Amino acid sequence: MNLLLLFLIIFVISALGSTPPGLINMVVLQRSIRAGKKAGTMTALGTFIPEFVYTFIAVYGYTTINSNVEIGKNIQLFGGLVLVGLAIFYFFRRPEERKINPSSTRKDSFRGFRKGFFTASVNMLIIPFWAFLAGYLDAHGFPVAGLPECIVFALASASGALVIFLLYVRLGDIILNRLSSLVRYSNTFLALLFLSLGLYQLLRIY
């Protein structure tokens, strides 16, 4: 399969899939509101490595995952439990005070990058999704075979998501100026979001 065409297809799919409010972009948005645009950008950049690694694992091993239902269920179960755990964490977390002039120190940047990296790392549900998509492309005459194609596939997935997360940083900047009261309820919103995603995932299994 042509590598440029493969990149464009996966980039668009990843961008579209990352656009609706979800686990990672809500964390990026929250960080942008609370700590500023640079911190939000670093949070978005922190998601790139896990997104790339998980997509690569999914594409490289899609045959095994698609042919073994038990593996897929175990991944879904683990992901659901992690989301419920995050919901409990945010329910009991005290809201942070919003900074009038958000800091852009190296420490804040590292904290944002670390938060983005951690959030993307627990989002293991993308593995079965990209594995299914790789199998779907293969079944329709667009095989993803070979190391170069796996790398391009993963790079396109991570890049498409990153572009959307950076757009959420811009959106967070607008919300910071117009809807500052949202900060007070951001933890509760994240908790409800994680809880609904986690329960939905667990209900799908059982």
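Residues numbered from 1 in each chain as written. Predicted model: local features only at pLDDT ≥ 70, side-chain atom pairs only at ≥ 80, totals over all residues. Heavy atoms only, no water.

## Let's talk about the side chain of serine 14
Tracing the sequence through the fold places serine 14 in helix 1 (residues 3–18). What makes serine 14 buried here is its relative accessible area of 4%. Serine 14 has contacts with Trp130, Ala156, Ser157, Gly160 and Ala161, leaving out every residue within four places of it along the chain. (Helix = DSSP H or I, 4+ residues; strand = E, 2+ residues; numbered from the N terminus. Buried < 20%, exposed > 50% of the residue type's maximum accessible area, 1.4 Å probe, protein only. Contact = heavy atoms within 4.5 Å.)

## Quick notes on the confidence of the model for the protein
Summing up the model confidence of the protein, the mean pLDDT is 76 and the portion of residues at 70 or higher is 68%. Mean pLDDT values for the elements of the protein range from 58 in helix 5 (residues 62–67) up to 91 in helix 4 (residues 48–60). (pLDDT = per-residue confidence, 0-100.)

## Observations regarding a nonpolar patch on the surface
Residues Ile49, Val53, Ile57 and Phe117 make up a contiguous nonpolar surface patch of about 310 Å² in total accessible area. It is helix 4 that provides the largest number of residues to the nonpolar patch, a total of 3 residues. Tracing the backbone through its elements, the reader meets isoleucine 49 in helix 4. Classification of isoleucine 49 as partly exposed rests on a relative accessible area of 40%. (Patch = residues over 30% accessible without salt bridge, like charges linked within 9 Å, V, L, I, M, F, W, Y side chains within 5 Å. Areas by Shrake-Rupley, 256 points an atom, 1.4 Å probe, with all protein chains shown as cover. Salt bridge = Lys/Arg side-chain N within 4 Å of Asp/Glu carboxyl O.)

## A word on helix 1
Between its first and last C-alpha atoms helix 1 spans 22 Å; for 16 residues at 1.5 Å apiece the expected length is 22 Å, and the two agree. Looking only at helix 1, the buried set comprises Leu6, Ile10, Ser14, Ala15 and Ser18. Along the axis of helix 1, the buried positions cluster into a sector of 150°, meaning they face one direction only. Opposite its buried face, helix 1 presents the exposed residues Leu4 and Leu16, each directed more than 90 degrees away. (Expected span 1.5 Å × (residues − 1). Arc of directions from axis to C-beta.)

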